Amino acid sequence: MTSPNAGTTAEALRASPRLFDNALLDKLSRVHWSMPLFLYTPIVAWLGWLSFSSFSPLAVIALTALGYAIWTLIEYFGHRYLFHAEFPGKWGARLHFLIHGVHHDHPNDPLRLVMPPLLSGPIMLIALGVALVLFGRPLGYPVLMGFIVGYLAYDMVHYYVHHATPTTRLGRYLRQAHMLHHFRDPESYFGVSAPYWDAIFGTRYAPPEQRRG
C-alpha cells in the first residue's frame, strides 16, 4: 500500500527550487547532465594529443592516473569538509544551502546533480594553474587530463546513482553507498565516485549497533 505522503515526498526529492532572485543566475545554476561531457571532452582530447606528443604511452597513463587520484582526493575532502561545513550566522546558513544543502533537501533534482560551468569552470582554471606551477609544461598536461577525467567520472556517477537502476555489482554498490550518505548518515561515504577513500579514512557507514560510544 502506498503512503498518502509518498507522492509529496517524491515531489520534494526531485523538486528544483529557485536559488537566486536574478533569473539569469538562477538559470545558470541548473544544467543538463550531459553538459560537462560536451564542455570538457574536447579539452580532454586536446590534452591527450599534447600528452602523447610529448611522452610515451606508459608515461601518459601514469601521469593521467596521478591526476585522477588527485581529483578523487579533492572530491572526498571537498565533500567532507567544505560541502558539509556549517558556517555561522544567516549568511553562513545561506552559503551552506547554496553549496550543498539544496542537494540534500532535493537530492533527485535532475538539473542540479552535475556541476554547472559557473562552478566547475573556476575549479578547472585553478587546477590548470596549479598543474602548470607544480609540474610545468608539458608534464602538467597529462596530470590535468587525469584530473578532468576524474571530475567527469564524478559528475556522471553522481547523476547515475540518483537516476538509474544499476544492474552491475559495482553500480549497485555505488548507489547504495550514496543513498546511505543521503538517507541514513550524512557523515559517511563522501567519495561519490571513489568510495575506497571512505574505507581508507574510516567514513564508511556503520549501523548504530556497530558504532563505538
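The structure reproduced in this document is the subject of the present report. (Residues numbered from 1 in each chain as written. Predicted model: local features only at pLDDT ≥ 70, side-chain atom pairs only at ≥ 80, totals over all residues. Heavy atoms only, no water.)

**Focus: the overall build of the protein**
Then comes step 1: Along the protein, the regular secondary structure elements total nine helices and zero strands.
Then comes step 2: Ordered by position from the N terminus, the helices and strands of the protein form the series α-α-α-α-α-α-α-α-α.
Then comes step 3: By principal-axis analysis of the C-alpha atoms, the protein measures approximately 60 × 45 × 40 Å.
Then comes step 4: Across the 213 residues of the protein, 41% fall into the buried class.
Then comes step 5: Considering only intrachain contacts with a sequence separation of at least 6, the fraction spanning at least 24 residues in the protein is 69%.
Then comes step 6: Of the roughly 12,500 Å² that the protein leaves accessible, carbon and sulfur atoms contribute 67%. (Helix = DSSP H or I, 4+ residues; strand = E, 2+ residues; numbered from the N terminus. Buried < 20%, exposed > 50% of the residue type's maximum accessible area, 1.4 Å probe, protein only. Contact = heavy atoms within 4.5 Å. Areas by Shrake-Rupley, 256 points an atom, 1.4 Å probe, with all protein chains shown as cover.)

**A word on helix H8 (residues 169–183)**
Then comes step 1: Across its 15 residues, H8 extends 21 Å between first and last C-alpha, which sits within 8% of the 21 Å expected from 1.5 Å per residue.
Then comes step 2: Those residues of H8 lying buried are Gly171, Leu174, Ala177, His178, Met179, Leu180, His181 and His182.
Then comes step 3: Buried residues belonging to H8 abut helix H4 (57–83), helix H5 (89–105) and helix H7 (140–163). (Expected span 1.5 Å × (residues − 1).)

**Notes on the nonpolar core**
Then comes step 1: Ile148, Tyr151 and Tyr154 are the most contacted members of the largest nonpolar core, which has 23 residues in total.
Then comes step 2: When contributions to this core are tallied by element, the ones reaching two or more residues are helix H3 (35–54), H4, helix H6 (117–134) and H7.
Then comes step 3: Top element by residues in this core is H7. It accounts for ten residues.
Then comes step 4: Discounting residues that sit within four places of it in the chain, Ile148 has contacts with Tyr40, Ile43, Val44, Leu47 and Met124. (Core = buried A, V, L, I, M, F, W, Y, C linked by side-chain atoms within 4.5 Å.)

**As for unusual backbone geometry**
Then comes step 1: Here the amide bond leading from Arg137 into Pro138 is cis, since omega sits at 0°, within 30 degrees of zero.
Then comes step 2: Mapped onto the elements of the fold, Pro138 is located in the loop between H6 and H7.
Then comes step 3: If you check the backbone angles, Tyr189 has positive phi at about 50° while not being a glycine.
Then comes step 4: Within the secondary structure, Tyr189 is located in the loop between H8 and helix H9 (196–201).
Then comes step 5: Residue Tyr189 is classed as buried on the basis of its relative accessible area, which comes to 8%.

**Comments concerning the pattern of salt bridges**
Then comes step 1: In the structure shown here, the tally under the stated rule is three salt bridges.
Then comes step 2: A salt bridge links Asp26 to Arg112; its shortest N-O distance comes to 3.8 Å. Placement of the pair is Asp26 in helix H2 (residues 23–28) and Arg112 in the loop between H5 and H6, with a sequence separation of 86 residues. An identical accessibility class is assigned to Asp26 and Arg112; each is buried.
Then comes step 3: Several salt bridges share partner residues, and in doing so they unite Asp26, Arg30, Asp109 and Arg112 into one network. (Salt bridge = Lys/Arg side-chain N within 4 Å of Asp/Glu carboxyl O.)

**Description of the side chain of Glu75**
Then comes step 1: Along the chain, the position of Glu75 falls in helix H4.
Then comes step 2: Nearest to the buried, unbridged Glu75 among oppositely charged side chains is Arg80, at 13 Å.
Then comes step 3: Once residues lying within four places of it in the same chain are set aside, the contact partners of Glu75 are Tyr154, Phe190, Gly191, Val192, Ser193 and Ala194. (Lys, Arg positive; Asp, Glu negative; His and termini not counted.)

**Observations regarding a nonpolar patch on the surface**
Then comes step 1: Together, Phe77, Tyr81, Tyr196, Ile200 and Phe201 make up an exposed nonpolar region whose accessible area comes to about 500 Å².
Then comes step 2: Those elements that place two or more of their residues in the nonpolar patch are H4 and H9.
Then comes step 3: A per-element tally of the nonpolar patch places H9 first, with three residues.
Then comes step 4: Note on placement: Ile200 falls in helix H9.
Then comes step 5: Among the residues examined, Ile200 registers a relative accessible area of 55% and is labelled exposed. (Patch = residues over 30% accessible without salt bridge, like charges linked within 9 Å, V, L, I, M, F, W, Y side chains within 5 Å.)

**Regarding the environment of Pro116**
Then comes step 1: Along the chain, the position of Pro116 falls in the loop between H5 and H6.
Then comes step 2: Residue class for Pro116 comes out buried when judged on its relative accessible area of 15%.
Then comes step 3: Between the alpha carbons of Pro116 and Gln176 there is a distance of 25 Å; along the sequence they are 60 residues apart.
Then comes step 4: The residues contacting Pro116, other than those within four sequence positions of it, are Leu28, Ser29 and Val31.

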